[in-house]
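Spelled out, the chains give:
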Amino acid sequence: MTDEETANSVSSDELLARFILYKRYLRQDWTVKPDAFIPHPWPDLSVTRHLQLHDAELWMIGRTVARQIAKALHGRADFSAAVARQHKLLVVAAPVLDNPNHANITNWPPDKPAQKAIAQEIAASVGKARKAPSDMS
Amino acid sequence: MILEMTASALLTYGALASQGNSDTARFIAEQLQSGRHHLQDSQVLGLYGKGVLNDLFQVYEECLTPNWDGYGALPVSETAYILAQQFLDALPLGMPPPSFGAEPDGHLTMEWHHSVRRTISVSVSPEGELHYAAILGSNKAYGTEVFYGEAPKKIVDLIYEVIPS
């Protein structure tokens, strides 16, 4: 890992959020399908670090993302950075204009079945997704 | 010539590609295919009878435009859709219906899900590959099988491990 990567590294005990903008990523019981965590078309999976944000602030970020691309915000899948680390992925801070807590999960294996296996483990660790407040969907 | 094909034979085997080139081999293959389609329409045995083709088409329609997931997803191609139909067609009769989805790389997915620790997902790529990953308690299985018109035994066996018949 380079010095820059070390500086941008996210600690294992942090919680990460993946905003769900496609309803079929959610099963009827609100568990999350692994499809939501496949990193294509880029090598990175985009997430938001919880850090010190309150729940409402996190939802606000999700709403902003959804509005910018004219999608409905259905929910949020929260998981620990440690789960990504267990599978040799890197979680790297990547702040953007509207989201200083933005991070990328990188270092995915190139082959699709291995990506699916990791995505399944991340999805399993989420348990149930959080439903977006009704004024945001 | 009288050819008798029992439902049990059709239940036991998935779609079988004909290995022969003779008129008889072709006739048998056509009759088998016709019999399978008929049984696939059954509400008890068949996936078509359970409405899976409508569900698959809905997902395909939803994912036809780029960025359908809000994160820059690739559209699902017609080729992937047709291959997904063919894979469904090749599955053994009596198999429980999957739930359908799509992945951001444009693959269609079929999931047989019992719980988060007992689940299998199969991705159908436009190139005719079936990428699968399964969690079975503390065990995992994943890999790729090329789809030649027959449902790969490895995948069928995993589905039955997730959802016992």
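1. Details of the overall build of chain A
Stage number 1. When you go through chain A residue by residue, the secondary structure sums to four helices and six strands.
Stage number 2. Ordered by position from N to C terminus, the α and β elements of chain A give α-β-β-α-β-α-β-β-α-β.
Stage number 3. Relative to the 2.2 N^0.38 estimate, which gives 14 Å for 137 residues, the radius of gyration of chain A is 14 Å and therefore close to what a compact globule would have.
Stage number 4. Referenced to the eigenvectors of the C-alpha coordinate spread, the extents of chain A come out at roughly 40 × 30 × 25 Å.
Stage number 5. Relative to its 137 residues, chain A shows a buried fraction of 44%.
Stage number 6. Contacts in chain A between residues far apart in sequence, at least 24 positions, make up 75% of those at least 6 positions apart.

2. Things to note about the interface of chain A and chain B
Stage number 1. Tallying the contact residues gives 24 residues for chain A and 29 residues for chain B.
Stage number 2. For the side of chain A that touches chain B, the leading source of residues is helix 4 (residues 112-126) of chain A, giving eight residues.
Stage number 3. Looking at the side of chain A that touches chain B, its residues break down into 13 nonpolar, four polar and seven charged.

3. Some words on unusual backbone geometry
Residues and elements named next belong to chain A.
Stage number 1. Positive phi, close to 70°, is recorded for Trp30, a residue that is not glycine.
Stage number 2. Considering the arrangement of structural elements, one finds Trp30 in the loop between strand 1 (15-20) and strand 2 (45-49).
Stage number 3. Judged by the 16 C-beta atoms lying within 10 Å of it, Trp30 is partly exposed.
Stage number 4. The backbone phi angle of Ala70 is positive, close to 55°, even though this residue is not glycine.

4. So, the confidence of the model for chain B
Interpretation of the predicted coordinates at a detailed level should be avoided for regions scoring low in pLDDT.
Stage number 1. Of all residues in chain B, 81% attain a pLDDT of 70 or more, and the chain-wide mean is 86.
Stage number 2. As scored by the predictor, the complex reaches a pTM of 0.85 and an ipTM of 0.90.

5. Focus: the sheet that holds strand 1 of chain A
Residue and element names in this part refer to chain A.
Stage number 1. Across the sheet, six strands lie side by side as 4-5-2-1-3-6; this open sheet has antiparallel pairing. Each of the sheet's edge strands pairs with one partner strand only, and the pair in question is strand 4 (90-93) and strand 6 (130-131).
Stage number 2. Helix-sheet contacts for helix 2 (residues 55-68) involve strand 1, strand 2 and strand 3 (75-80), and the interaxial angle to strand 1 is about 35°.

6. A look at helix 3 (residues 52-62) of chain B
Residues and elements named next belong to chain B.
Stage number 1. Residues Val52, Leu56, Val59 and Tyr60 constitute the buried set of helix 3. When helix 3 is viewed along its axis, its buried side chains cluster within an angular range of 100° and face the same direction. Opposite its buried face, helix 3 presents the exposed residues Asn54, Gln58 and Glu61, each directed more than 90 degrees away.
Stage number 2. Packed against the buried residues of helix 3 are helix 4 (78-90), strand 1 (99-102) and strand 2 (108-115).

7. Focus on the sheet that holds strand 1 of chain B
Residues and elements named next belong to chain B.
Stage number 1. Taken together, five strands build an open sheet; the order of strands is 1-2-3-4-5 and the sheet is antiparallel. The open sheet has two edge strands, strand 1 and strand 5 (139-146), and neither has a second partner. The mean angle between the axes of side-by-side strands here comes to 20°, regardless of whether they run parallel or antiparallel.
Stage number 2. As defined by bridge partners, strand 1 adjoins strand 2 across four bridges and the pair is classed as antiparallel. What sits directly across from Phe100, in strand 2, is Met110.
Stage number 3. Packed onto the sheet, helix 3 meets strand 1 and strand 2 and runs at close to 15° relative to strand 1.

8. Observations concerning the pairing of strand 4 (residues 129-136) of chain B
Residue and element names in this part refer to chain B.
Stage number 1. With six of its eight residues buried, strand 4 lies for the most part within the structure.
Stage number 2. In terms of strand pairing, strand 3 (residues 118-124) meets strand 4 through seven bridges, oriented antiparallel. What sits directly across from Val122, in strand 4, is Tyr132.
Stage number 3. Connecting strand 3 to the antiparallel partner strand 4 that follows it, the hairpin turn spans four residues, and Gly128 within it adopts a positive phi of roughly 85°.
Stage number 4. Counted along the chain from strand 4 to the antiparallel partner strand 5, the turn is two residues long, and its residue Gly137 has a positive phi close to 65°.

Definitions and cut-offs
- Residues numbered from 1 in each chain as written.
- Chains lettered and ligands numbered in written order.
- Predicted model: local features only at pLDDT ≥ 70, side-chain atom pairs only at ≥ 80, totals over all residues.
- Helix = DSSP H or I, 4+ residues; strand = E, 2+ residues; numbered from the N terminus.
- Rg over C-alpha atoms; globule rule 2.2 N^0.38 Å.
- Buried ≥ 20, exposed ≤ 12 C-beta atoms within 10 Å, placed from the backbone.
- Contact = placed C-beta atoms within 7 Å.
- Nonpolar A, V, L, I, M, F, W, Y, C, P; charged D, E, K, R; others polar.
- pLDDT = per-residue confidence, 0-100.
- Pairing = 2+ DSSP bridges.
- Axes fitted to C-alpha atoms, helices over the stretch in contact; angles between N-to-C directions.
- Arc of directions from axis to C-beta.

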